[in-house]
Amino acid sequence: MEINRRAWYIRGVRDGIPIALGYLAVSFTLGIAAGNMGMASFPAALMSLTNVTSAGEFAALGLISAGAAYMEVAGTQLIINLRYCLMSCALSQKLPRKMPFYHRLLMAYGITDEIFGIAIGSGKVVDPFYLYGAISVAVPGWTFGTWLGVASGNILPGRVLSALNVALYGMFIAVIVPPARKEKIVAGMIGASMAASFLFSHLPLIGGLSSGMRIILLTVVIAGAGAVLFPVHEEEEKEEEKEVQG
């Protein structure tokens, strides 16, 4: 069992290294933004360590600089990051049924879009040590990048900063392409998600919602449709679970 856990952890570290590199680039820009508003390196790094969310932290910086109330900041974070709750619920269906509760809490801390993507694409059942491996390199990459961005200040030209902002989108592509090539259903769901996202951003009523709320609606609608149209049989889940448990 311990050997199996070690193998899962090493696999998670391997898959998490590209995410950590992408996080380092993106959070570097976040650190520069935090430094521009007068935040020191340690508070900015602590914010990244405890939040691990690009959209939420960028929004928080804007609210902090505007002198927003604590409740306004908390409410904004809840709406923007509510999709992680959905991701955790979806990922919990891939865990062994006898998984201790503390494992679920530790895994939920590190759930991000990219880590969720590699976890979903790793198989029908996921060992928590796989996520621990990915989190153990991805979160330090995000935290250190923020600290480095504040410490470096505005020494980089604007073109370089624009290139760093694109790094996260390239990382998204690297996450979704491998599982899409393996399964046509996954590729179809990704295409449907992209088309629906474009429509949601231009529809009169839905387009006025925040980006976080639109992501939540898209996740519920598309994931629900996928679960109804392409269900996973319980026998297959049991076989995958046996493989994980060794």
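Residues numbered from 1 in each chain as written. Predicted model: local features only at pLDDT ≥ 70, side-chain atom pairs only at ≥ 80, totals over all residues. Heavy atoms only, no water.

Remarks on the state of the cysteines
The cut-off we apply is this: Our working definition of a disulfide is a cysteine sulfur pair at a distance within 2.5 Å. Accessibility here uses a 1.4 Å probe with only protein chains present; expressed as a share of the type maximum, an area under 20% marks a residue as buried, one over 50% as exposed, and anything in between as partly exposed.
For the structure on display, the rule yields zero disulfides. No disulfide involves Cys85; its nearest neighbouring cysteine sulfur is the one of Cys89, lying 4.4 Å away. What makes Cys85 partly exposed here is its relative accessible area of 45%. Taking the relative accessible area as the measure of exposure, Cys89 reaches 43% and is therefore partly exposed.

A look at the packing of helix H6 (residues 101-109) against helix H8 (residues 128-152)
Test applied: Axis definition: a line fitted to C-alpha atoms, limited for helices to the stretch in contact. Angles are taken between N-to-C directions and run from 0 to 180 degrees. Starting at the N terminus, helices and strands are each numbered in turn, a helix being any DSSP run of H or I of at least four residues and a strand any DSSP run of E of at least two. Crossing handedness follows the turn of the near helix against the far one: under a right angle anticlockwise gives a left-handed crossing, and clockwise gives a right-handed one. Contact definition: two residues touch when any of their heavy atoms are within 4.5 Å. Any residue outside Ala, Val, Leu, Ile, Met, Phe, Trp, Tyr, Cys, Pro, Asp, Glu, Lys and Arg is labelled polar, Gly included; the first ten of those are nonpolar and the last four are charged.
Where H6 contacts H8, the two axes come as close as 9 Å, and the packing angle between them is 35°. In this structure, the crossing between H6 and H8 has a hand that is left-handed. Residues His103, Leu106, Met107 and Tyr109 of H6 touch H8, and the partners they reach there are Pro128, Phe129, Leu131, Tyr132, Ile135 and Val139. Residues that form the contact of H6 with H8 fall into these classes: nine nonpolar, one polar and no charged.

Points about helix H5 (residues 82-92)
How we decide: As used here, the arc is the angular range of directions from the helix axis to the C-beta atoms.
Within the span of H5, buried status applies to Arg83, Tyr84, Met87 and Leu91. When H5 is viewed along its axis, its buried side chains cluster within an angular range of 100° and face the same direction.

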